[in-house]
Amino acid sequence: MAEWLFFSSHIGIVMSPSLRLIFAVHNHQPVGNFDGVFEQACREAYEPFLNVMDEFPDIPITMHISGSLLEWLQVNRTEYLDRIKEFVRLGQLEILGGPYFEPILASIPSRDRVGQIRAYVQHLEQFFDTTVRGMWVPERVWEPSFTSDIVDAGVEYTILDDSHFRWAGFSDDKLHGYYLTENEGRLLSVFPDDETLRYTIPWSDPDETIEYLKNLAERFPGTIASFGDDGEKFGSWPGTHSHVYGEKDWLRRFFSTLQENSEWLQVVTMGQAVDSVAPLGKVYLPNASYREMTEWALPTEQQPIYQEALKSLQQGENWEQTKPFFRAGLWRNFLVKYPESNEMYCRSLEVSDRLQKLSEELKDSDSNKALQAARMELYRGQCNCPYWHGAFGGLYLPHLRNAIYKHLIAADSMVETLQGRSGRWVDVAVQDYNLDGRKEIRLAGDRFIAYFAPARGGHLYEFDIRETKTNLLSTLNRRPEPYHQTIIDSAGIHDEVDDIEFNTHDGHRFKQADLDKQIAYDRWPRKSLVDHFLRPGTTFEEFQHGNGEIGDFLLGVYETRTRKSAKRVEVIMSRKGRIGEHVAELRKTISLDTNNSSQIEIQYELSGLPVGEEIHFAVEFNFAGMAAGQPDRYFYDSRGQQVGPLESILELSSGDRIGLADEWLGIDVALEFSTPAEVWTFPIQTVSQSEGGFELVHQSSTVVPFWKFVVDNSQAWSSTLLLNVDTSAAYARSLSTLSMH
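Residues numbered from 1 in each chain as written. Predicted model: local features only at pLDDT ≥ 70, side-chain atom pairs only at ≥ 80, totals over all residues. Heavy atoms only, no water.

1. Details of the sheet that holds strand E13 (residues 440–445)
As summarised here, the arrangement of the five strands in space is E12-E13-E14-E15-E16, forming an open sheet in which the pairing is antiparallel. Two strands bound the open sheet, and with one partner strand each, they are strand E12 (426–431) and strand E16 (470–471). Bridge count between strand E15 (residues 459–465) and E16: two bridges; the pairing is antiparallel. Across the sheet, the residue bridging to isoleucine 465 is threonine 470, located in E16. (Pairing = 2+ DSSP bridges. Helix = DSSP H or I, 4+ residues; strand = E, 2+ residues; numbered from the N terminus.)

Encoded structure:
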């Protein structure tokens, strides 16, 4: 391969370095993350990084800023972005593009891949007055078909993990420089992201990294070594700020070391690398992500087996030869592993499909503007973080899931407006909305959107409030995770957790004490209209642990039909099933009426019951999106009296009403019963891990009205439940906010 000449605009000389190093950072915060997290990352990572860059003008950096982070910076840190612009103007910083709001490319349709990438490239070019040629692939999740979409969106090159190349059959001596990949005739340049550099930077002493790079330069003179990783590891990950900028001052020492070795080592941007060095050849990369992500995507029960196999192979003398052929799972299987992730995925697909259909029908300029606004809401709702879980990934964080639904619901409502919906209206539709091969029901109106799964217990599995853009059923089940065993093994070691410092053991961090006692697993989806027949005498505590069930209605298939008129729609679900040794029929009719569009009516009818038998019947509801742990978020009883915060464990005597209020969101939800019912409430709290440590997270408030009765000669029983939602407080607050602006 011919040696290409490299020109440095900063030092004004022509040189031919033995090795070129790409130093790329990826700065990202999820859609919907707390302001405090954005601020902390700016204070501890993003801004200090620029401070060090100021001292080393001859070291160019390649940087990606996700669209969700950029939107926040444009409002809250304009001075930071002004500094970025100056670095770009001086040629010290190359800006990478990518899909606007950091979706996993495998989780969105091809049209949205092209749309998100193209829209963000255009925005970045205009905002930073630069040309954007490369992009960052979110979580480095890759499938070969992405190539043509990326090129069609106007991108020339990207960077992926070197493990992608290993799994394509490349040996370690090929994991440098860059390669061309192709799909449908479109060519894309791809850099292998060096795993050794990702693990030494910033953890090892700078001299170790220099020695590694010197070895590469000697073996492969004239080539490129590529480093690309999260910008947050340079200051905002736990313990890194002091390491990178404080006492150890790692970044400043590293940049100094790079300068001291500039005779043979030249730092370049990705664009400079492509322009100065020829590609090494062509490659077709397999479906992959970074190594840890592929492990997290495995089913929970398979992960320990995988780890044991990995450990055994690593101890063998042929591990280095075996390593490239040993790989784990596929990112898309997070949608199988976590049904809640699949629900968000399917919802975004539904909105995307409807937007695409509308865009083909509406051609006037006003509609195009409205379509683009709706499309941007859809794009925000595709942000990857709540769709998966590992050591990172925000599936277990309710505020991130809520943010996804907020934007998807907003896009949905904009679609309805574009379709000409106005005033009071109701509608019902049947389709396979969750892509399980069975039909679901969508009950919609000007106030609500409700999704029912007749093939899965007739559950209400999504309940959207348009006014507050809240899905009250953005719940999450408690399920086994591989790290639960680590928590159990640590039982008894943690007596208390300091308010400031995490309690640690064997390198693990615990945000609360006694987490091992909080581990529990759910036996059915924590949704609503979950129908229970309980063994007489079942205690509240037994029910909380998933015991006492004697019916087969929990997950049974319900026969379904719908009725529709101009002002009223109904979903009628019925099932003949077992109650202990007996067979009976349950029918539930859910109605939405324009005369009272803030209320859903649910009528339960039981027939064919055994005469003289005592029946214990309960209907489970779960309410998410309403945070717990604050005094302005509480339950209230039939008299309107507060009876405890939303994480309360309550046994309420017979009454005709139970309510939940979230004054911060401005939502008041009340369940009314035509037949008085006892009510149980308890929280669903998961034990999960994040980069901050193990923690207990409130997911939903379970509300269970239940009835005890002895069957008379009619062999029947019925009751009507009204689900009322009051968002007047939220509406008043929105008007107040508008008047202030």
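2. A look at the packing of aromatic side chains
For the coordinates displayed, the defined rule picks out 51 aromatic pairs. When the ring of tryptophan 296 is compared with that of tryptophan 388, the centres are 6.1 Å apart and the planes differ by 15°; the resulting orientation is stacked. Residue tryptophan 296 is found in helix H12 (residues 291–296), and its partner tryptophan 388 is found in the loop between helix H17 (365–380) and helix H18 (398–418); the two are separated by 92 residues along the sequence. Considering the side-chain rings of tryptophan 524 and phenylalanine 543, the 6.1 Å spacing of their centres and the 45° angle between planes classify their relative orientation as tilted. Placement of tryptophan 524 in the loop between strand E18 (508–510) and strand E19 (530–534) and of phenylalanine 543 in helix H20 (residues 540–544) is noted, with a sequence separation of 19 residues between them. Three or more aromatic residues joined by ring pairs make a cluster, and in this case those are Phe23, Phe49, Phe56, Phe227, Phe234, Trp250, Phe254 and Phe255. Note that lysine 85 overlies the ring of phenylalanine 127, its terminal NZ or CZ placed 4.1 Å from the centroid. Positioned over the ring face of tryptophan 425 is arginine 421, at 4.2 Å from the centre of the ring. (Phe/Tyr/Trp six-rings, centres within 6.5 Å; stacked < 30°, edge-to-face > 60°. Lys NZ or Arg CZ within 6 Å of the ring centre and 35° of its normal.)

3. Points about the pattern of salt bridges
For the structure on display, the rule yields 61 salt bridges. The partner of glutamate 156 in a salt bridge is arginine 133, with the nearest N and O atoms 3.1 Å apart. Of this pair, glutamate 156 sits in the loop between helix H5 (146–152) and strand E7 (157–161) while arginine 133 sits in the loop between helix H4 (110–128) and strand E6 (134–136), and the two are 23 residues apart along the sequence. The salt bridge partner of arginine 354 is aspartate 412, with a shortest N-O separation of 2.9 Å. Within this pair, whereas arginine 354 is found in helix H16 (residues 339–361), its partner aspartate 412 is found in helix H18, the two being separated by 58 residues in sequence. Overall, arginine 354 belongs to the buried group, its relative accessible area being 16%. Judged by its relative accessible area of 0%, aspartate 412 falls in the buried class. One continuous salt-bridge network, built from bridges that share partners, spans Arg347, Glu350, Arg354, Asp412, Glu416, Arg421, Asp427, Arg442, Glu462, Asp464, Arg466 and Lys564. (Salt bridge = Lys/Arg side-chain N within 4 Å of Asp/Glu carboxyl O. Buried < 20%, exposed > 50% of the residue type's maximum accessible area, 1.4 Å probe, protein only.)

4. Let's talk about the side chain of threonine 681
With respect to the helices and strands, the residue threonine 681 is situated in strand E28 (residues 667–690). Residue classification places threonine 681 among the buried positions, given a relative accessible area of 0%. Among the polar contacts listed, one links the side chain of threonine 681 to the backbone oxygen of serine 648, at a separation of 3.1 Å. With sequence-adjacent residues up to four places away left out, threonine 681 is seen in contact with Phe540, Phe635, Ser648, Ile649, Leu650, Thr702 and Val703. (Polar contact = N/O pair within 3.5 Å; in protein donor to acceptor, adjacent residues only side chain to side chain. Contact = heavy atoms within 4.5 Å.)

5. Some remarks on the nonpolar core
With 124 residues, the main nonpolar core has Phe23, Phe49, Leu213, Phe234, Phe255 and Trp331 as its most contacted residues. Within the second largest apolar cluster, 56 residues are counted, among which are Leu443, Phe553, Phe617 and Val619. (Core = buried A, V, L, I, M, F, W, Y, C linked by side-chain atoms within 4.5 Å.)

6. Details of helix H3 (residues 78–90)
Between its first and last C-alpha atoms H3 spans 19 Å; for 13 residues at 1.5 Å apiece the expected length is 18 Å, and the two agree. The set of residues buried in H3 consists of Tyr80, Leu81, Ile84, Phe87 and Val88. For H3, the arc enclosing every buried residue in end-on projection is 110°, short of the 170-degree limit, so these residues lie on one face. Contact partners of the buried residues in H3: strand E3 (19–27), helix H1 (35–55), strand E4 (61–65), helix H2 (67–76), strand E5 (93–96) and H4. Looking at the residues trailing H3, positive phi occurs at glycine 91, about 85°. (Expected span 1.5 Å × (residues − 1). Arc of directions from axis to C-beta.)

7. Quick word on the environment of histidine 616
You can see histidine 616 is positioned in strand E24 (residues 614–623). Classification of histidine 616 by relative accessible area gives buried; the value is 8%. The sequence separation of histidine 616 and histidine 241 amounts to 375 residues, and the corresponding C-alpha distance is 57 Å. If near-sequence neighbours (up to four positions away) are discounted, histidine 616 is found in contact with His532, Phe533, Leu534, Arg535, Pro536, Gly537, Trp707 and Lys708. Within polar-contact distance, the side chain of histidine 616 engages the side chain of glutamate 614 at 3.4 Å.

8. Points about the state of the cysteines
Scanning the entire structure with this criterion turns up zero disulfides. Note on cysteine 346: no disulfide assigned, nearest cysteine sulfur contributed by cysteine 383 at a separation of 18 Å. Among the cysteines around cysteine 383, which has no disulfide bond, cysteine 385 carries the closest sulfur, lying 4.2 Å off. The buried category is assigned to cysteine 383, whose relative accessible area is 1%. (Disulfide = S-S within 2.5 Å.)

9. Notes on the pairing of strand E30 (residues 717–726)
When you tally the buried positions in E30, you get seven out of ten residues, the bulk of the element. Across eight bridges, strand E23 (residues 599–607) lies against E30 in antiparallel orientation. Looking at E30, one finds that isoleucine 600 is bridged to leucine 723. Two strands pair when backbone bridges link them, and E28 and E30 are joined in this way by six bridges, in the antiparallel orientation. Paired with alanine 670 across the two strands is asparagine 724, which belongs to E30.

10. Description of the pairing of E5
Side chains Leu93 and Ile95 of E5 all project onto a buried face; the interleaved residues Glu94 and Leu96 project onto the opposite face, where all are buried too. As judged from the four bridges shared by E4 and E5, these two strands associate in the parallel manner. Each residue of the ladder has a partner; that of histidine 64, found in E5, is leucine 96.

11. Comments concerning the environment of aspartate 207
Secondary-structure assignment places aspartate 207 in helix H8 (residues 206–219). Take aspartate 207: its relative accessible area is 48%, and that puts it in the partly exposed class.

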